[in-house]
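# Results of the structural survey
Listed below, chain by chain, are the residues.
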Amino acid sequence: MIQRFLILTLSLFTFSEAADDRNEETPQYGGSINVGTVYITLSALSWDPSDWNWKGNHDSGLVRELLFAGDLEKSKRKGGDYSFIADAYLPEDSIRGELAESWEWEDPLTLVIKLRKGIIFAERPGIMKARELDAEDVVYSYDVVNKSRKKIPTYFDHIKEFVARDRHTVVFKFSHFNAEWPYRFGYGYYSQIFPREMANVDMKNWRNLHGSGPFVLEDFIPSHVQRYARNSNYWDKEKLGNQSYQIPFIDKINYRIIKDESAYLSALRTGQLDIVESIRWIAVDHLKKTTPELKWNRWLATEGTFLAMRVDTKPFDDIRVRRALNLAVNQREILEKFMGGHGELMAYPQHADYGGYYQPLEEMPESVQELFEYKPEKAKQLLAEAGYPNGFTFEAQVNSNSPAHMELIPLIENYLSKVGVTMKIKPLEYASFLSTMTTRTHGPGYFMQNGHTNPITTLRKSFMSGQTWNPSMYSDPEFDQSILELNAERDEEKRIEMARELTVKMLDEAPYVWLPTGYVYSAWWPWVKNYGGELRAGAVRPGPIYARIWIDQKMKEEMGFK
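Note that the structure is predicted; figures quoted are calculated from it, not measured.

### Some remarks on unusual backbone geometry
Cis peptide bonds are those with omega within 30 degrees of zero, and the linkage from Ile247 to Pro248 qualifies with 5°. As for its placement among the helices and strands, Pro248 is situated in the loop between strand 13 (243–246) and strand 14 (252–256). In the segment running from Lys314 into Pro315, the intervening peptide bond is cis, with an omega of 5°. In the Ramachandran plot, Thr154 falls in the positive-phi region, its phi being about 75° despite a non-glycine side chain. Take Thr154: it is sitting in the loop between helix 3 (135–146) and strand 8 (159–166). Relative accessible area serves as the criterion here: at 29%, Thr154 is assigned to the partly exposed category. One non-glycine residue, Arg440, adopts positive backbone phi at about 65°. Here Arg440 shows up in the loop between helix 12 (430–438) and strand 21 (445–451).

Shown next as structure tokens:
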């Protein structure tokens, strides 16, 4: 397999990084847009917030709103500082109130949020009459997720109570400070607000999806398409120049679900897709030659890729074995040959866009740097010292919906075989693959990618005892206590220092076989306006971005498309 990649050479690209799409054009209303999102191969997994599904904001976030969202007026395309690429991280200065009009700390542990007035839940026959969103809806929404049996352990432990003080005021009383509070209940994965009439219907049924957002879900055909139609009563506006415009501009947005990579790239070339948000480097040269009109953006993947080793299972309970497997894999060769150089050797668990939280590999201790070197002889030595001079065999599960993972994991298998370790690969459809981890029935090896999320959660969810997204089952009471102290620290400079120390510790413990993080490319047609490749305005939530896009219909026709 490795020889196949030896013929791949690093291509030179001239990309318009976050292409500047500022213009003084007058926006146009109407039309539809077909999007191959970051998760183009994956249908909605659940419409029910109590399922604590990570993809909820991506699919329901066009319909339901949150208290906070990314302030797209501060995007780089509009002259600001933020790219809005991160999967679930909004620096404090990049946050705006969505349903929240304002917020303030009444005392060190009491946060008061004033809601916008006049936000309407439209009438839905069989569910509710039209009425204004109020504070009781916010309390009800948090109550639903907080009481779910699927709740992530410790997630809301810092909240003592949340109450409606009056019709437009919600009060969060903390039991202790948590530095992630804007993420935990403001713009995070599990923060959607919906009407309390939902208590009377089945929220798992997509037909019952309801909210105050810019779109309504019109149709859902699993593994094919999710169709959203414009909410004509939506409240928000987009400022362009000196004028504000009612949004959304687009009548319909279609999430196209296409599992075959060549099929969705072909759909982009032929204009059946207006945007594809996630394209591997290997396809970019060809696309640029065949379709030079496309506009581009390049971004460092917001998920780390790794082989998790269950530390509660032999032989991975021995750190010598875990370090040996890291030394047996040639990460630099993967970066240069498999990724064509389009990546970073080490950019997980901290992301290179996290400012001071990210510490470059060359600044880390030698013991960490060594894990990114190829030392098969030392790997054999460590295996022998751990009692496995002839290696061992283990099973590794992998998501069959990921073309990149299905190509990469045989390389890992090949590397490990050279030190006597046999890895049996077991592909699973995504729903089954995810379920094995969340039910703790996954194998000793688990090949996956996991979102960076934000600088603190990336440590908490991945390595803290009992966390849902901790596939290695790592557990250390001292580390757990350090995470609590990290969350309790109000001084960000001190948090940065603490997060760096914990990141070094976890890299050194090697519960994963660490792998490079690749660059990804987004492409779109020039008739897509008011867009510069932004991906998320909150946790995996593109809704506010899509609501501000319009289509230049005349340009589209002149280019030969209808």
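Following the structure, the description resumes.
### Concerning the packing of aromatic side chains
Centre-to-centre distance and the angle between the planes together describe a pair of aromatic rings. Within this structure, the stated rule accounts for 52 aromatic pairs. Judged by centre distance (6.1 Å) and plane angle (65°), the rings of Tyr142 and Phe162 are edge-to-face. With Tyr142 in helix 3 and Phe162 in strand 8, the pair connects residues that are 20 residues apart, well separated along the chain. Phe162 shares its class with Tyr142; the two are buried. Stacked on the ring of Tyr155, the Lys or Arg Arg184 has its end atom at 5.0 Å from the ring centre. The ring of Trp469 has Lys461 lying over it, and the distance from NZ or CZ to the ring centre is 6.0 Å.

### A look at the sheet that holds strand 17 (residues 303–309)
Sheet strands associate in pairs through backbone hydrogen bonding, adopting either a parallel or an antiparallel arrangement. Across the sheet, which stays open at both edges, the five strands sit in the order 20-19-21-17-22 with mixed pairing between neighbours. Of all the strands in the sheet, just strand 20 (422–428) and strand 22 (512–514) have a single pairing partner and so form its edges. Shown here is a sheet whose adjacent strand axes are inclined to one another by a mean of 30°, direction ignored. Bridge analysis of strand 19 (residues 393–399) against strand 20 gives seven bridges, and the strand direction is parallel. Across the sheet, Glu395 pairs through a bridge with Lys424, a residue of strand 20. Running over the sheet, helix 12 touches strand 19, strand 20 and strand 21 and is turned about 100° from strand 21.

### Examining the pairing of strand 21
In terms of burial, strand 21 is a largely internal element, six of the seven residues being buried. In terms of strand pairing, strand 17 meets strand 21 through seven bridges, oriented antiparallel. Its bridge partner lying in strand 21, Ala308 is registered against Tyr446. For strand 19 and strand 21, the ladder comprises three bridges, and the chain directions are parallel. Residue pairing across strands places Val398 opposite Phe447, the latter belonging to strand 21.

### Regarding the nonpolar core
Membership of the largest hydrophobic core comes to 185 residues, with the highest contact counts inside it found for Leu67, Phe172, Phe185, Ile279 and Leu325. With seven residues, the top contributor of residues to this core is helix 3. When neighbours within four sequence positions are excluded, Phe185 is seen to be in contact with Leu67, Leu111, Ile113, Tyr142, Phe156, His158, Ile159, Phe172, Phe174 and Ser191.

### Things to note about the packing of helix 8 (residues 331–338) against helix 11 (residues 403–417)
Contact pair helix 8 / helix 11: the axes reach a minimum separation of 12 Å and the direction vectors enclose 140°. Classed by the angle they form, the pair helix 8 and helix 11 counts as oblique. Crossing of helix 8 against helix 11: the hand is right-handed. Residues Glu333, Ile334 and Phe338 of helix 8 lie in contact with helix 11, whose contacting residues are Ala404, Glu407, Leu408, Leu411, Ile412 and Tyr415. For the contact of helix 8 with helix 11, a count of residues per class yields seven nonpolar, no polar and two charged.

### Topic: helix 8
All buried positions along helix 8 are accounted for by Gln331, Ile334, Leu335 and Phe338. For helix 8, the angular spread of the buried residues around the axis is 110°, confining them to a single face. In the segment just after helix 8, Gly340 is the residue with positive phi, at about 60°.

### Re the pairing of strand 12 (residues 237–240)
Two faces, one strand: in a regular strand the side chains alternate between the faces of the sheet. Residues Glu238 and Leu240 line the buried face of strand 12, whereas the alternating positions Lys237 and Lys239 sit on a face that is not buried. Across four bridges, the pairing between strand 12 and strand 13 is antiparallel. Bridge pairing in strand 13 places Lys237 opposite Gln246. In textbook terms, the turn of a hairpin is the stretch between consecutive antiparallel strands, and for strand 12 and strand 13 this stretch comprises two residues, one of which, Gly241, has a positive phi near 65°.

### Details of the environment of Gly126
Structurally, Gly126 can be placed in the loop between strand 6 (120–121) and strand 7 (131–132). Taking relative accessible area as the criterion, Gly126 reaches 78% and is therefore assigned exposed. Along the backbone, Gly126 and Asn208 are 82 residues apart, and their C-alpha atoms lie at a distance of 9.2 Å.

Criteria and thresholds
Residues numbered from 1 in each chain as written. Predicted model: local features only at pLDDT ≥ 70, side-chain atom pairs only at ≥ 80, totals over all residues. Heavy atoms only, no water. Helix = DSSP H or I, 4+ residues; strand = E, 2+ residues; numbered from the N terminus. Buried < 20%, exposed > 50% of the residue type's maximum accessible area, 1.4 Å probe, protein only. Phe/Tyr/Trp six-rings, centres within 6.5 Å; stacked < 30°, edge-to-face > 60°. Lys NZ or Arg CZ within 6 Å of the ring centre and 35° of its normal. Pairing = 2+ DSSP bridges. Axes fitted to C-alpha atoms, helices over the stretch in contact; angles between N-to-C directions. Contact = heavy atoms within 4.5 Å. Core = buried A, V, L, I, M, F, W, Y, C linked by side-chain atoms within 4.5 Å. Parallel < 35°, antiparallel > 145°, perpendicular 65-115°, else oblique. Left-handed = near helix turned anticlockwise from the far one by under 90°. Nonpolar A, V, L, I, M, F, W, Y, C, P; charged D, E, K, R; others polar. Arc of directions from axis to C-beta.

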